[in-house]
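# Close look at the chain arrangement
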Amino acid sequence: MPRPDSGSRLSPWRIFGAMAIMFALGLPTMISPSAPAEPPAVVQVDGAQAELPGDTVVAAADPAAAAAKGEEAPAKARKAPSKKSTASFTTKLLPELGAIVALLLVILLVILRLPKIDLGHSKAFRRRRVLNWLPLGLTYSFLYMARYNLNKATEAFEWGTGHAPLMDTTDFAIIFMVGTITYGISFVINGPLTDRMGGKKAILIGAGGAAVANVIMGIVTIMALDAPPGDIPLTPIFAVLYALNMYFQSFGAVAIVKVNSSWFHVRERGVFGAIFGILISLGVYFAYDWGKLIVENVPLEWVFFLPAILLVVFFVLDVMFVRDTPGEAGLQDFDTADASSGDDGPRLPVAEVFKKMFTSKIIMTIAVIEFSSGFLRQAVMQFYPKYIAATVPTDKPFIFEHWGMFLCTAGILGGMVAGIISDHVFDSRRGPVASILYGVMVVGSILALALYTGPGIGIIALVMSLAVIGVHGMLSGTASMDFGGRKNVGIAVGIIDGFVYLGTGLMSLTYSVTLPQEAADKVVPENWISWPIAMIPMALIGLLLATRIWNAKPKAASAGH
């Protein structure tokens, strides 16, 4: 037997505790050198009032007029440091630190209490498996933070200068569309690469590349806010940089599923699907709530720099603890009973594997279902806060103000319910769970159309998020392992997750064309009617296709095939 891996002697819960302490103690150090903003101030911009953060240095609305008066038009429009506001920032930061520590503890409790299928794993195996997926999974969470920070950054660009906004909702939709289409197409390359080199190398490439891309976006942000408005074409530059970021991001999902396909049996993968949903939800919380905290209190570039720093930290942890298979960790490999079970022959050529996957009715049905999931998930997650921000001028809803935390909670519940039901009610079938949750999304999208201008839209958005995250965990995170098999899971999850982000690209294109463009139009709720309307047909397509895989289960490959 191979020499036991030194990491197996460490308690995973000590590692988890150390991570929580790192967040609590290290995060203020990373971002405290920058100063927070004071309450927004109302200023005159081109003859109209505009609300800007109190520490924003506002450039002259008309440089020519300033020159006529013998003045020099200021070029900068950055949040200036303010020593007196440090205490205020600390006051805001501490509750968020408490919230994240509490959230980590709740997640830990949920994971410990999830019903388990007894497959005879030893305690040493279970401990080492947690030590394997925990840093890997949190890396995936911070990849999410380094992906959806774009949302908060583009919102901030709307008030980042005293001139016309540097970006608006349409610019965001264009940048997000380019990035998500890049993400989807990247799986054609990165899926086979991950199958060849293993999930550990893939997550390291993904984390390292995304960290570099975020650092560059932060540097461009500094340059844009220091330059005269319009001198730097932010939308095309960010489209290219975000596409680069999303290329490396695409390694994340493939890597986490590839690694865990060797560590989880088919009968317990529903529970892993719940864990997968939790990790996604945690990343969303970091992106939205911590992104909001950063944008409102420190220079904008830190919304990119902080995720980059955290990805570097977890890059190191992944090098230390993650192993591709139990055998590499000094444990016994075992038959996971998926589509690769009994396949002891040589690896098929990439083209043949792609052909096999694209001709599989199950894989392609799941892929099209997830195309719908990609549209719906981002339609709710990205555009609910943009809709509220545009149409509710004051007294924003409590859900909007804590959107990241609510999304995280909804995702945890969705993933946990989906995983438990799949393994313990439907004998590890994924189709019934996807059908039930898509039924929820159909009802939710219809209610959204009827009630989107009322106060109940926040609750509807949360319920739909719960359902779609549950489906995503079941299909992209679990069914891809089952029907792709651990040998070819990289290509399988690449195809499925590629369809997810092609669906997201369609969503971005749809809303960039149909949502209101002018500032005066955006504030009218009725002008956003295309937002709920577009979700209804996608939910119906997902429901119809999910019922077609109700009884689907993976079949073991014949030996030598």
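The structure presented is a predicted model; accordingly, all values stated were derived computationally and were not measured.

### A look at the nonpolar core
Ranked by internal contacts, the top residues of the largest apolar core, which has 150 residues, are Phe 238, Tyr 384, Trp 403, Tyr 511, Trp 531 and Met 535. Ranked by residue count, the leading element in this core is helix α15 (residues 457-514), at 24 residues. Setting aside residues up to four positions removed in sequence, Trp 403 forms contacts with Tyr 288, Asp 289, Val 380, Met 381, Tyr 384, Pro 385, Ala 461, Leu 462 and Ser 465.

### A short note on the environment of Phe 251
Residue placement: Phe 251 occurs in helix α7 (residues 234-260). Once you skip the residues sitting within four places of it in the chain, Phe 251 turns out to touch Asn 190, Leu 193, Thr 194, Met 197, Ala 202, Ile 205 and Gly 206.

### Things to note about the packing of aromatic side chains
Each pair of aromatic rings is reported with the distance of its centres and the angle of its planes. In this structure the tally under the stated criterion is 26 aromatic pairs. Relative to Phe 334, the ring of Phe 125 has its centre 5.7 Å away and its plane inclined at 80 degrees; by these criteria the two rings are edge-to-face. Here the residue Phe 125 occupies a position in helix α4 (residues 123-157), and Phe 334 occupies one in the loop between α9 (302-321) and α10 (350-358), the gap between them amounting to 209 residues. Taking relative accessible area as the criterion, Phe 334 reaches 22% and is therefore assigned partly exposed. Pairing Tyr 183 with Tyr 501 gives two aromatic rings, centres 3.9 Å apart and planes at 45 degrees, and the pair type is tilted. With a gap of 318 residues between them, Tyr 183 in helix α5 (residues 169-197) and Tyr 501 in helix α15 connect regions that are remote in the sequence. We classify Tyr 183 as buried; its relative accessible area is 0%. Residue Tyr 501 is classed as buried on the basis of its relative accessible area of 1%. In this structure an aromatic cluster arises from ring pairing among Tyr 140, Tyr 144, Tyr 148, Phe 172, Phe 176, Tyr 242, Phe 375, Phe 383 and Tyr 511. Residue placement shows Arg 147 over the ring face of Tyr 144; its charged tip is 4.3 Å from the ring centre. Sitting over the face of the ring of Tyr 148, Arg 147 holds its NZ or CZ atom 5.9 Å from the ring centroid.

### What about the side chain of Thr 391?
Looking at the secondary structure, you find Thr 391 in helix α11 (residues 361-391). The exposure class of Thr 391 is buried, given its relative accessible area of 12%. Of the polar contacts made by the side chain of Thr 391, one reaches the backbone oxygen of Tyr 387; its length is 2.7 Å. Setting aside anything within four residues of it in sequence, one finds Thr 391 in contact with Lys 522, Val 523, Val 524, Pro 525 and Trp 528.

### Observations concerning the pattern of salt bridges
Note that side chains of opposite charge can pair when their charged atoms are close. This structure, assessed with the given rule, holds four salt bridges. For Asp 195, the salt bridge identified is with Lys 258, shortest N-O distance 3.1 Å. Separated by 63 residues along the polypeptide, Asp 195 in helix α5 and Lys 258 in helix α7 bring together distant segments of the chain. With a relative accessible area of 5%, Asp 195 lands in the buried category. Glu 296 serves as the salt-bridge partner of Lys 292, at 3.2 Å between the closest nitrogen and oxygen. Remark: Glu 296 and Lys 292 occur in helix α8 (residues 269-297); sequence separation between them is four residues, near one turn of the helix. Look at Glu 296 and you get partly exposed, because its relative accessible area is 36%.

### A closer look at the side chain of Ser 530
Relative to the helices and strands, Ser 530 resides in helix α17 (residues 530-547). For Ser 530, a relative accessible area of 14% translates into the label buried. For Ser 530, the contacting residues outside a window of four places in its chain are Tyr 511, Thr 514 and Leu 515.

Calculation criteria
- Residues numbered from 1 in each chain as written.
- Predicted model: local features only at pLDDT ≥ 70, side-chain atom pairs only at ≥ 80, totals over all residues.
- Heavy atoms only, no water.
- Core = buried A, V, L, I, M, F, W, Y, C linked by side-chain atoms within 4.5 Å.
- Buried < 20%, exposed > 50% of the residue type's maximum accessible area, 1.4 Å probe, protein only.
- Helix = DSSP H or I, 4+ residues; strand = E, 2+ residues; numbered from the N terminus.
- Contact = heavy atoms within 4.5 Å.
- Phe/Tyr/Trp six-rings, centres within 6.5 Å; stacked < 30°, edge-to-face > 60°.
- Lys NZ or Arg CZ within 6 Å of the ring centre and 35° of its normal.
- Polar contact = N/O pair within 3.5 Å; in protein donor to acceptor, adjacent residues only side chain to side chain.
- Salt bridge = Lys/Arg side-chain N within 4 Å of Asp/Glu carboxyl O.

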